[in-house]
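# Fold and contact review
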Amino acid sequence: MPPMPLPDGSRVLAIDLGGTKTAVGLVAGDGSILAKDTAATPLGDSAAAYETMLRLSRKLLAEGGPVSAIGLALPGVVDRGRGSLIHSPSSGWRDLPFGSMLSEALSLPVSTDNDVNACAWAEYLFGAGRALDCFFWITVSTGIGGAVFVGDRVLQGASGMAGEIGHFVAIPGGQLCGCGHRGCLEAEAAGPAWRRCALGLLEEGGGGVLSRVPRDSIDAKTIAEAARGGDRLCLEVVKRMGETLGKGLAAIVNILDPASIIMGGGVAEAFDLLQPHMTGSAARLCLSGGDRPLRVQASALGYDAALIGAAALALRPY
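Residues numbered from 1 in each chain as written. Predicted model: local features only at pLDDT ≥ 70, side-chain atom pairs only at ≥ 80, totals over all residues. Heavy atoms only, no water.

What follows covers the nonpolar core. If you look at the biggest cluster of nonpolar residues, it comprises 45 residues, and the most contacted ones within it are I138, I144, W194 and V237. For this core, the secondary-structure elements that each account for two or more residues are β9 (134-140), β10 (144-150), α4 (185-189), α5 (191-203), α6 (220-228), α7 (232-256), β12 (260-264) and α8 (271-285). Apart from residues no more than four positions distant in its own chain, I138 is found in contact with I144, G145, G146, I165, L249, I261, I262, M263 and G264. Counting 33 residues, the second largest nonpolar core, distinct from the first, contains A122, F149, A306 and L307. (Core = buried A, V, L, I, M, F, W, Y, C linked by side-chain atoms within 4.5 Å. Buried < 20%, exposed > 50% of the residue type's maximum accessible area, 1.4 Å probe, protein only. Helix = DSSP H or I, 4+ residues; strand = E, 2+ residues; numbered from the N terminus. Contact = heavy atoms within 4.5 Å.)

Before going further, it helps to examine the packing of helix α1 (residues 46-64) against helix α2 (residues 98-106). Where α1 contacts α2, the axes come no closer than 11 Å and their chain directions differ by 40°. In terms of orientation, α1 and α2 fall into the oblique class. Taken as a pair, α1 and α2 cross one another with a handedness that is right-handed. Contact with α1, carried on its side by S46, Y50, M53, L54, S57, R58 and L61, involves F98, M101, L102, A105 and L106 of α2 and no other residues of that element. The residue makeup of the contact of α1 with α2, split by class, is 9 nonpolar, 2 polar and 1 charged. (Axes fitted to C-alpha atoms, helices over the stretch in contact; angles between N-to-C directions. Parallel < 35°, antiparallel > 145°, perpendicular 65-115°, else oblique. Left-handed = near helix turned anticlockwise from the far one by under 90°. Nonpolar A, V, L, I, M, F, W, Y, C, P; charged D, E, K, R; others polar.)

This part is about the side chain of S84. Counting through the fold element by element, S84 comes out in strand β6 (residues 84-88). Relative accessible area serves as the criterion here: at 2%, S84 is assigned to the buried category. Sequence-distant contacts of S84, defined by excluding residues within four places in its chain, comprise L74, V77, V78, D79, L96 and P97.

Here we take up the sheet that holds β10. Spatial strand order, β11-β10-β9-β12-β13: 5 strands in an open sheet with mixed pairing. Looking at strand neighbours, the two that pair on one side only are β11 (153-154) and β13 (296-298), the edges of this open sheet. The pairing of β9 with β10 spans 7 bridges and is classified as antiparallel. For I138, the partnering residue across the bridge sits in β10 and is G146. (Pairing = 2+ DSSP bridges.)

Looking now at α5. Along its 13 residues, α5 runs 19 Å from first to last C-alpha, staying within 8% of the 18 Å computed at 1.5 Å per residue. Inspection of α5 places G191, A193, W194, C197, A198, L201 and L202 among the buried residues, and these make up the whole buried set. At its buried positions, α5 is contacted by α4, α6, α7 and α8. Phi turns positive one or two residues past the end of α5, at G205, with a value near 105°. (Expected span 1.5 Å × (residues − 1).)

Time to look at empty space enclosed by the protein. According to the stated counting rule, one finds 1 cavity of 30 Å³ or more in the structure shown. Considering only enclosed or pocket space, the largest cavity measures out at about 50 Å³ in volume. Forming the boundary of the largest cavity are G76, V77, V78, N114, V116, N117, G146, G160, M161, A162 and E164. Looking at the lining of the largest cavity, the elements with two or more residues in it are β5 (77-79) and α3 (115-126). Residue composition of the lining of the largest cavity, by class: 5 nonpolar, 5 polar and 1 charged. (1 Å grid on protein atoms, 1.4 Å probe; cavity = no way out; pocket = protein on both sides within 12 Å on 5 of 7 lines; lining within 4 Å. Points joined across faces, edges and corners; volume = space filled by probe spheres on them.)

This part takes up the packing of aromatic side chains. Under the counting rule described, the total for this entry stands at 6 aromatic pairs. Taken together, a centroid distance of 4.9 Å and an interplanar angle of 15° make the contact between F135 and F149 stacked. Here the residue F135 occupies a position in strand β9, and F149 occupies one in strand β10, the gap between them amounting to 14 residues. Within the aromatic cluster, the residues linked to one another by ring pairs are W121, Y124, F135, F149 and Y318. (Phe/Tyr/Trp six-rings, centres within 6.5 Å; stacked < 30°, edge-to-face > 60°.)

Below, the structure is given as structure tokens:
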């Protein structure tokens, strides 16, 4: 069983630097969010991204009072010891010591890790992973990332890069990924891929809801909402994305044999729509053995999983 959370009186500042938004919150020892503020992440401008984190942090600290530590979740490859973002494929950022910069500016200790590792740790402490000793966390949002949880810890791997399912090649020779390779799961099924797929179907003569909205407003959320209303083009996008994600899930199951795959992230808000396509595709590719189950479930922490994950890094450092 996971360790008991810190007492409710213990509070930390949590910072989630996401691909499209930055969230900062005051989080209690039981994982509950006491206050939160968000802003758009200034992609392409790392200095502005840092200033956004610092501005939101100072505002919450001024309004909500002192905290004991800061937890920082970053998108990409992270050097935990230095608190640095080594490389973020989605933004192209490299070698940014965000953790040490924030620690110096706010005079507080900062615990830093990759955002998906943070999500897995939070899911173990506060969510759907509490009763599991082996699970895989996958985030599907602007990008796709993964984390391996075994026993009572998140596996880091020899270089701190364990679990990078987003760069599993799902479609050889496919779309160019931010990492420089083609056909990665991230390039083929993350949020931008939903938009690209929908626009392609519209160009082929598809109609429906999306033909009546501005092209620049089409995103995964818009597509999922229309699919729930029965729009045929959007249902086709969901089917294609779900089947592609299923290839990644099958690889996870075949290699790691987890008790469960837990999915979070903005795109995962459409989990109910994706699930039959993902599990159907994965089941066809998984090596079966006896009554081996294929268990895929949505995060119990919802849209705030990464923010709670950032807090978990400070509440229960590992």
